[in-house]
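# Descriptive analysis of the structure
For reference, the chains in residue letters:
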Amino acid sequence: MNQEVNIGTHFAKQQNQYQQVVNTVHKEWYQNIQQKLDQNLHGVVLDIGNGGVFGYNLTKLKRIIAIDPAFDETWQNTDKIQHIAGDARHLSTIKDNGCDCVIMQLILHHVVEKNIKLTNESILQSLKEAHRVLKPSGKLIIIEQIVSPTLESIEDIFYPTNFYLLGLFNIPMVKFYSLHHLHSKLHSTDFTQITTKKIHMGQWYDPLGGVLPGIIKIPTWLSPTRCHAIIAIK
């Protein structure tokens, strides 16, 4: 039985509730993310998994290409902003060497397949595509929730079971990574000058924010994940 859940359809349904969590429980966290993005963004920006929301200052940017699997035709294109349907693995509509910056904000844990092998291949493909569309010396900015190597190993062991059980309830699978694993993948796709910095997630955290937003919240120190900004140069 195929238990794959369409992530674009899922987030399209949850968009209002999720945005409410962003504006309340996770407000401080997203303010800290914006500060990091504003420090690094410039020129032509490709925002992967944008969701129709721009959590950074647009005024100093030349152009923004916003790509998301949950594409909504009501999102308005302007002279500065272009919305495109798609995902991190397939950026065929974006030309080579055309972007100054690429953003992957809290999306890598959603790039999943039916098993670990295929998931790892999809992550590599996503990073290769980001590398392809960046100009020489362009910047990939990954904002991601990170787990310890031990917890990642446990995730991998239970991946098939979790994938199946979540699929039964039409809940999308997630896969979190350790810093070492992501750094290894970035090096293997020819990124250089990789730097990492923690981003404070605030006092409270909604552990079901991407699945059933607004149901519960816990003190952030109880979360098994920690948010990091990973910046890699082409």
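Refer to the preceding data block for the structure.
This report concerns the structure included in the present document. (Residues numbered from 1 in each chain as written. Predicted model: local features only at pLDDT ≥ 70, side-chain atom pairs only at ≥ 80, totals over all residues. Heavy atoms only, no water.)

Each helix and strand counted, the protein chain has five helices and nine strands in total. Counting helices and strands in the order they occur from the N terminus, the protein chain gives α-α-β-β-β-β-α-β-α-α-β-β-β-β. The C-alpha radius of gyration computed for the protein chain amounts to 17 Å, which stays within 12% of the reference 17 Å derived for 234 residues, consistent with globular compactness. Along the three orthogonal principal directions, the C-alpha set of the protein chain runs to about 45 × 35 × 35 Å. Counting all 234 residues of the protein chain, 49% fall into the buried class. As presented, the protein chain carries roughly 11,800 Å² of accessible surface, and 54% of it is formed by carbon and sulfur atoms. (Helix = DSSP H or I, 4+ residues; strand = E, 2+ residues; numbered from the N terminus. Rg over C-alpha atoms; globule rule 2.2 N^0.38 Å. Buried < 20%, exposed > 50% of the residue type's maximum accessible area, 1.4 Å probe, protein only. Areas by Shrake-Rupley, 256 points an atom, 1.4 Å probe, with all protein chains shown as cover.)

By the element assignment, I233 lies in strand β9 (residues 226–233). Using a relative accessible area of 13% as the deciding quantity, one classes I233 as buried. The spatial distance from the C-alpha of I233 to the C-alpha of V102 is 10 Å, given a sequence separation of 131 residues.

In this section: the side chain of T119. Counting through the fold element by element, T119 comes out in helix α3 (residues 116–133). Residue T119 is classed as buried on the basis of its relative accessible area, which comes to 1%.

Attention shifts here to unusual backbone geometry. A positive phi is found at D190, a non-glycine position, where the angle reads about 70°. For D190, the location among the structural elements is in the loop between α5 (179–188) and β6 (192–198). On the basis of relative accessible area, D190 is assigned to the exposed category, the value being 54%. One non-glycine residue, Q193, lies in positive phi territory at about 50°. Considering the arrangement of structural elements, one finds Q193 in strand β6.

Residue position: E129 is located in helix α3. In this structure the side chain of E129 is engaged in a polar contact, spanning 2.8 Å, whose partner is the side chain of R132. With residues up to four places along the chain from it excluded, the contact list for E129 reads A88, R89, H90, L91 and S92. (Polar contact = N/O pair within 3.5 Å; in protein donor to acceptor, adjacent residues only side chain to side chain. Contact = heavy atoms within 4.5 Å.)

The next point concerns α3. An ideal rise of 1.5 Å per residue puts 26 Å on 18 residues; α3 measures up with 26 Å between its terminal C-alpha atoms. For α3, the complete set of buried residues consists of T119, S122, I123, S126, L127, E129, A130, H131 and V133. Residues of α3 that are buried sit in contact with β1 (43–48), β4 (99–105), β5 (134–146), α4 (149–168) and α5. With a side-chain oxygen positioned 3.2 Å from the backbone nitrogen of K117, the residue opening α3 is N115. (Expected span 1.5 Å × (residues − 1).)

On the surface, Y164, L165, L168 and F169 cluster together into a nonpolar patch covering about 430 Å² of accessible area. For F169, the location among the structural elements is in the loop between α4 and α5. You can call F169 exposed: its relative accessible area is 63%. (Patch = residues over 30% accessible without salt bridge, like charges linked within 9 Å, V, L, I, M, F, W, Y side chains within 5 Å. Salt bridge = Lys/Arg side-chain N within 4 Å of Asp/Glu carboxyl O.)

Moving on, we get to the packing of aromatic side chains. In the structure shown here, the tally under the stated rule is four aromatic pairs. Between the aromatic rings of Y159 and F163, the centroid separation amounts to 6.2 Å while the plane-to-plane angle is 15°, which identifies the pairing as stacked. In this pair, Y159 and F163 both sit in helix α4, four residues apart, roughly one turn of the helix. In this structure, Y159 and F163 share a single accessibility class: buried. Every member of this aromatic cluster is reached through a ring pair, and the members are W29, Y30 and Y205. The ring of Y177 is capped by K175, whose NZ or CZ atom sits 4.1 Å from the centre of that ring. (Phe/Tyr/Trp six-rings, centres within 6.5 Å; stacked < 30°, edge-to-face > 60°. Lys NZ or Arg CZ within 6 Å of the ring centre and 35° of its normal.)

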